[in-house]
Amino acid sequence: MYSNLRSLIFKIDPERAHFLAIQSLKLNLVSNIFDENKNDPILKTKLFNQDLDNPIGIAAGFDKNAEVYNPLFKLGFGFVEVGTVTPLKQYGNEKPRVFRLVEDQALINRLGFNNHGSDTILNRIKSNKKLGVLGVNVGPNKDSNDRLNDYLIGLEKFSEVADYITINISSPNTENLRNFHDENKLKELLKSISEKKKQLKTEIPVAVKISPDINENQIDLISEILLENEISAIIISNTSESSRETLQNIQRHQKGGLSGKPIEKKSNLLISKFYNLIKGKIKIIGVGGVDSGKAAYDKFLLGADYVQLYTGMVFQGPNIAGMIKKDLKELLIRDGVKNFTEIVGNKTVS
């Protein structure tokens, strides 16, 4: 059905199309009638000691303002991450700021943390009881004088309503944000996060979302720092500022972060490298090019415990979770696996 509508939808400006998608979900105009594998035990797992029906999540960026997380659960996603949320409301960068690269199954965005602000989003979550595991992705305001403190504000605001908090240090669309990948800055940030958790007397799990554009030395350093600070999960990865060489679409050189199929290999390589360093001590959430059961399966084999998607839904439609679960189940049965967790990090399976 979506394939018939896609050509019409793709005639609409991407940001406008996303707005319409959010409105459709708010009105419950999208159903999961094609989800044949809801609650299938072969896909069950746990995220931070909470039961998940499946390991397929929605990445931050789709439901920026926590408006439709419950409809997304109803579409069959195992967990949902909202945001990125900043302490204060902000418009983001100037439009146009989202570009659809159809030939490449990709998006380029330079949104810049546009969101309604932490107070509004907190009240929204409080008034809409979540139907599943909900993560809140937090970041600093663009013009903040103390970006580190902005993360602490996000942690404090959402620690009682979220199931986990993601520290977003990797968006390419907020100037100098990726400086937090530097050894000293990352150590200072995560130490402050740890101290804030103790002050709040909260055990909420913390994930860190990293850039796909880091180098070999940074991989080693980041792994070491995450382990030292007992971070619960690493999200690999955000959008890429590079990876444009093989793109076909004429908009490939637009400034912003590239997501979708073109960053799949880069994401997978990072997953494998981090998995070999952290050896299961930190959970890995794989992001980048997840548009099929095979794409998810590949990430699990390389060491991801869960996957998230966003761009895949743009190209495959709102029932993508059901499609992925169906494909994933078939692959697991083919390989004689009783539960997908058995294949995590097992490159010899397939």
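Residues numbered from 1 in each chain as written. Predicted model: local features only at pLDDT ≥ 70, side-chain atom pairs only at ≥ 80, totals over all residues. Heavy atoms only, no water.

1. Considering the overall build of the chain
Scanning the chain from terminus to terminus reveals eleven helices and 13 strands. Taken over C-alpha atoms, the radius of gyration comes to 19 Å for the chain, in line with the 20 Å a tight globule of 350 residues would show. Taken along the three principal axes of its C-alpha coordinates, the chain extends 50 × 45 × 45 Å. When contacts within the chain are restricted to residue pairs at least 6 apart in sequence, long-range pairs at least 24 apart make up 74% of them. As displayed, the chain offers around 15600 Å² of accessible surface, 48% of which is attributable to carbon and sulfur atoms. Distance between charge centres in the chain, computed from 48 positive and 42 negative side chains, equals 3 Å. (Helix = DSSP H or I, 4+ residues; strand = E, 2+ residues; numbered from the N terminus. Rg over C-alpha atoms; globule rule 2.2 N^0.38 Å. Contact = heavy atoms within 4.5 Å. Areas by Shrake-Rupley, 256 points an atom, 1.4 Å probe, with all protein chains shown as cover. Lys, Arg positive; Asp, Glu negative; His and termini not counted. Charge placed at Lys NZ, Arg CZ, Asp CG, Glu CD.)

2. Remarks on the nonpolar core
Ranked by internal contacts, the top residues of the largest apolar core, which has 78 residues, are L72, F77, F158, I167 and F274. For this core, the leading source of residues is helix α11 (residues 320–334), giving six residues. For L72, the contacting residues outside a window of four places in its chain are L25, I58, F62, D63, F77, V80 and M313. Counting residues in each nonpolar core, the second largest holds 13 residues, with A59, F79, V133 and A207 among its members. (Core = buried A, V, L, I, M, F, W, Y, C linked by side-chain atoms within 4.5 Å. Buried < 20%, exposed > 50% of the residue type's maximum accessible area, 1.4 Å probe, protein only.)

3. Points about the sheet that holds strand β6 (residues 106–109)
Spatial strand order, β5-β6-β11: three strands in an open sheet with antiparallel pairing. Each edge of the open sheet is held by one strand with a lone partner, namely β5 (98–101) and β11 (257–260). Mean inter-strand twist for the sheet, computed between neighbouring axes without regard to direction, equals 20°. Across four bridges, β5 lies against β6 in antiparallel orientation. Bridge pairing links L101 to A106 in β6. (Pairing = 2+ DSSP bridges. Axes fitted to C-alpha atoms, helices over the stretch in contact; angles between N-to-C directions.)

4. Some details on the packing of aromatic side chains
Aromatic ring pairs are reported here in terms of the distance separating the ring centres and the angle at which the planes meet. This structure, assessed with the given rule, holds six aromatic pairs. Taking the centre distance of 6.0 Å and the plane angle of 75° together, the rings of F79 and Y306 count as edge-to-face. Of the two residues, F79 sits in strand β4 (residues 79–85) while Y306 sits in strand β13 (residues 306–309), which places them 227 residues apart along the sequence. A single burial state applies to F79 and to Y306, both of which are buried. In this structure, R97 packs its charged tip against the face of Y91, placed 4.7 Å from the ring centre. (Phe/Tyr/Trp six-rings, centres within 6.5 Å; stacked < 30°, edge-to-face > 60°. Lys NZ or Arg CZ within 6 Å of the ring centre and 35° of its normal.)

5. Describing the packing of helix α7 (residues 216–228) against helix α8 (residues 264–278)
With their axes 10 Å apart at the nearest point, α7 and α8 run at an angle of 45° to one another. If you check the angle between α7 and α8, you find them oblique. Handedness of the crossing formed by α7 with α8: right-handed. Seen from α7, the contacting residues are E216, I219, D220, I222, S223 and L227; seen from α8, they are L270, K273, F274, L277 and I278. Of the residues contributing to the contact of α7 with α8, the split by class is seven nonpolar, one polar and three charged. (Parallel < 35°, antiparallel > 145°, perpendicular 65-115°, else oblique. Left-handed = near helix turned anticlockwise from the far one by under 90°. Nonpolar A, V, L, I, M, F, W, Y, C, P; charged D, E, K, R; others polar.)

6. Some points on the environment of D327
Of note, D327 is situated in helix α11. Sequence separation of D327 and S292 is 35 residues, and the distance between their C-alpha atoms is 7.0 Å. Look past the residues within four positions of D327 in its chain and what remains in contact with it is S292 and G293.

7. Some thoughts on the side chain of R147
Among the structural elements, R147 can be located in helix α5 (residues 147–158). Buried within the structure, R147 lacks any salt-bridge partner; its nearest side chain of opposite charge belongs to E175, at an N-O separation of 6.5 Å. At 2.6 Å, the side chain of R147 forms a polar contact with the backbone oxygen of E175. The contacts of R147, once residues within four sequence positions are left out, are P140, N141, K142, T174, E175, N176, L177 and F180. (Salt bridge = Lys/Arg side-chain N within 4 Å of Asp/Glu carboxyl O. Polar contact = N/O pair within 3.5 Å; in protein donor to acceptor, adjacent residues only side chain to side chain.)

8. Notes on the sheet that holds strand β7 (residues 133–138)
What links the strands of a sheet is backbone hydrogen bonding, and the strands pair in either a parallel or an antiparallel sense. Read around the barrel, eight strands follow the order β3-β4-β7-β8-β9-β10-β12-β13 and close on themselves; strand pairing throughout is parallel. Sheet twist, expressed as the mean angle between neighbouring strand axes with direction ignored, is 25°. Relative to β7, β4 runs parallel, the two sharing six bridges. The residue of β7 that forms the bridge with F79 is V133.

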